[in-house]
Amino acid sequence: MFLKKISLFNYKNISEATYDFDAKINCFVGKNGVGKTNVLDAIYHLAYGKSYFNPLAVQNIKHGEEFFVIDGEFEKTKRTEQIVSSFKKGQKKILKRNGKPYEKFSDHIGFIPLVIISPADNDLIIEGSETRRKFIDSVISQLDAAYLQELIQYQKIIGQRNALLKYFAVNRVFETDTLSIYNEQLNALGQPIFEKRKHFIEEFLPIFNKHHQAITGSAEEVQLVYESHLFEQDTLTLLEQNLAKDRALQYTSVGIHKDDLAFQIDQYPIKKFGSQGQQKSFLIALKLAQFEFVKKQSGEKPILLFDDIFDKLDETRVSKIIEMVNQEEFGQLFISDTHPERTENIVKTTHQTYKIFNL
């Protein structure tokens, strides 16, 4: 599978542009601010139905305009697939496959397997647990449509339960019978989500460790530790035990929506004890492991986006990535970089076909 062509209209700082791509390597080069990352983000948008950097659709419209359109033409299993994402102010976003709008965007997730590696990934280390949960959910959802639906339903019920707790507080009432209905529903959904996350980490961790070792060649021990209330109790018991707390806080304080993924180096949090270089290696290994995991599970090579990472890597890490490209481990690759000569020198060593777009 690969992206043959993309057309952009009023997307971020791009008024109008069309690019025809090579099936292997495509590089966007130019100074900061010219729109290199925006093109990569548009490609991401076609796979996930949203921006990687700014999920608020209205903020992806070019200043002074009323709408944006991203139109992509893919080749998948020897068929042409047209994916179009568009949004107009005051209206709902539209996502179409071959001219037919999706009723639910979630039905599209996984159709275009794609992984992005970007400096923005640092948020996975420095931000709160929600960012890391989204990483887990994003990988599993690309491969398991049922998981995504369970997750959507779970979040919907959490929203309803939280609204009910606020209603009770405002009106100075409390009805445990009504709450128990939501508790039962959350219990039914929470356990399978927990089991799938746990199984995912068990399968993912050896792949992650392999890539980390290959990138660093070091004896450092890195860990991804899945943290969940459900290791202690089932959802129903947890909700009943924390009823008084939830009533006081006016939101649901326990459950799989509070899960986290601890990033550790030598059993210490990498956020506090890892150097910048160690954190960088950790994140690249994480994303390369995501790539390999999705490839193994789906049987397809995901599209891989490298956003401005050669500027942040030493020669050893660059060599590792190039080695993977030469081994045909990657499918189609997109690169953004500020140094045209460096980019061309790097891609030439892959002995693959490529195109360079100067912006």
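Because the structure is predicted, anything quoted here is derived from the model rather than measured.

Draft legend 1. Seen up close, the overall build of the protein chain. Of the regular secondary structure elements, the protein chain holds 11 helices and 14 strands. Against the compact-globule benchmark of 21 Å for 359 residues, the protein chain has a radius of gyration of 22 Å, which places it among compact chains. When the backbone C-alpha atoms are referred to their principal axes, the protein chain occupies close to 65 × 55 × 35 Å. Per-residue burial for the protein chain yields a buried fraction of 51% across its 359 residues. Partitioning the contacts of the protein chain with sequence separation of at least 6, the portion at a separation of at least 24 is 72%. Per element, the accessible surface of the protein chain, about 16,900 Å² overall, is 49% carbon and sulfur. Charged side chains in the protein chain number 46 positive and 48 negative. The centres of these two groups are separated by 4 Å.

Draft legend 2. Looking closely at helix H9 (residues 276–298). End to end, H9 covers 33 Å across 23 residues, agreeing with the expected 33 Å (1.5 Å per residue, within 8%). Just downstream of H9, Gly299 is the residue with a positive phi angle, here 80 degrees.

Draft legend 3. Molecular detail of the pairing of strand E6 (residues 94–97). As judged from the 4 bridges shared by strand E5 (residues 79–88) and E6, these two strands associate in the antiparallel manner. Within E6, the position partnered with Ser86 by the bridge is Ile94. Pairing geometry for E6 and strand E7 (residues 100–101), over 2 bridges, is antiparallel. Among the inter-strand pairings, Lys96 is bridged to a residue of E7, identified as Pro101.

Draft legend 4. Summary view of the nonpolar core. Formed by 68 residues in total, the largest nonpolar core has its most connected members in Phe204, Phe208, Leu224, Phe263, Leu286, Phe306 and Phe330. With 13 residues, helix H5 (residues 176–216) is the largest single contributor of residues to this core. Residues within four places of Phe306 in sequence aside, it is in contact with Leu40, Ile117, Ile321, Phe330, Leu333, Phe334, Ile335 and Ser336. Of all hydrophobic cores here, the second largest spans 36 residues; its members include Phe28, Val39, Phe68 and Ile109.

Draft legend 5. Examining the packing of helix H3 (residues 129–143) against H5 more closely. For the pair H3 and H5, interaxial distance at closest approach is 11 Å and the crossing angle is 85 degrees. By the angle between their directions, the pair H3 and H5 is classed as roughly perpendicular. On the side of H3, the interface is formed by Arg133, Phe135, Ile136, Asp137, Val139 and Ile140, while H5 contributes Lys196, Arg197, Phe200 and Phe204. Looking at side-chain class alone, the contact of H3 with H5 contains 6 nonpolar, no polar and 4 charged residues.

Draft legend 6. Expanded view of the layout of surface pockets. There is about 1,300 Å³ of room inside the largest pocket. If you trace the largest pocket, you find 41 residues lining it, with Tyr44, Lys50, Lys134, Phe135 and Ser138 closest to the centre. Those elements that place two or more of their residues in the lining of the largest pocket are helix H1 (36–48), strand E8 (114–117), helix H2 (123–126), H3, helix H4 (145–171) and H9. Considered class by class, the residues forming the lining of the largest pocket number 18 nonpolar, 11 polar and 12 charged.

Draft legend 7. View of the pairing of strand E12 (residues 303–307). Where burial is concerned, most of E12 is hidden: 5 out of the 5 residues are buried. By the alternation rule, side chains of E12 split into Ile303, Leu305 and Asp307 and Leu304 and Phe306, which are all buried. As paired strands, E8 and E12 are joined by 4 bridges and run parallel to one another. Bridge pairing links Leu114 to Ile303 in E12. Inspection of the sheet shows E12 paired to strand E13 (residues 333–337) by 4 bridges, in the parallel sense. Directly across from Leu305, in E13, lies its bridge partner Phe334.

Calculation criteria
- Throughout this document, residue positions are counted from 1 along each chain, in the order its sequence is written.
- Per-residue local features are limited, in this predicted model, to residues with pLDDT of at least 70; the limit for side-chain atom pairs, both in listing and counting, is 80 or more; totals at the level of whole chains, interfaces and linings are taken over all residues.
- The side-chain numbers reported here are obtained from all heavy atoms of the structure, hydrogens and water having been left aside.
- Numbering of helices and strands starts at the N terminus; helices are DSSP runs of H or I of at least 4 residues and strands are runs of E of at least 2.
- Atoms counted for the radius of gyration: C-alpha only. Globule rule: 2.2 Å times the number of residues to the power 0.38.
- Summary of the burial criterion: residues with accessible area below 20% of their type's maximum are buried, those above 50% are exposed, and those between are partly exposed, where the area comes from a 1.4 Å probe applied to protein chains only.
- The contact criterion used throughout is that any non-hydrogen atoms of two residues lie within 4.5 Å.
- Note on areas: Shrake-Rupley, 1.4 Å probe, and residue coverage restricted to the protein chains presented here.
- His is not counted, nor are the chain ends; Lys and Arg add positive charge and Asp and Glu add negative charge.
- Charge positions come from single atoms, namely NZ of Lys, CZ of Arg, CG of Asp or CD of Glu.
- Working rule for helices: expected span equals 1.5 Å times residues minus one.
- Two strands pair if DSSP finds at least two bridges between them.
- We define the nonpolar core as a collection of buried residues of types Ala, Val, Leu, Ile, Met, Phe, Trp, Tyr and Cys that are connected through side-chain atoms lying within 4.5 Å of one another.
- Axes, fitted as lines to C-alpha atoms, cover a helix only where it is in contact. Angles between the N-to-C directions of the axes lie from 0 to 180 degrees.
- For classification purposes, angles smaller than 35 degrees are called roughly parallel, those larger than 145 roughly antiparallel, those between 65 and 115 roughly perpendicular, and all remaining angles oblique.
- As a working rule, the residues Ala, Val, Leu, Ile, Met, Phe, Trp, Tyr, Cys and Pro are called nonpolar, Asp, Glu, Lys and Arg charged, and the rest polar, with Gly in that last group.
- With a 1 Å grid laid over protein atoms only, a set of points is called a cavity when a 1.4 Å probe fits there but cannot get out and a pocket when it is open yet has protein on both sides within 12 Å along at least five of seven lines; lining residues have an atom within 4 Å of a point.
- Grid points are joined across faces, edges and corners, and a volume is the space filled by probe spheres set on the points.

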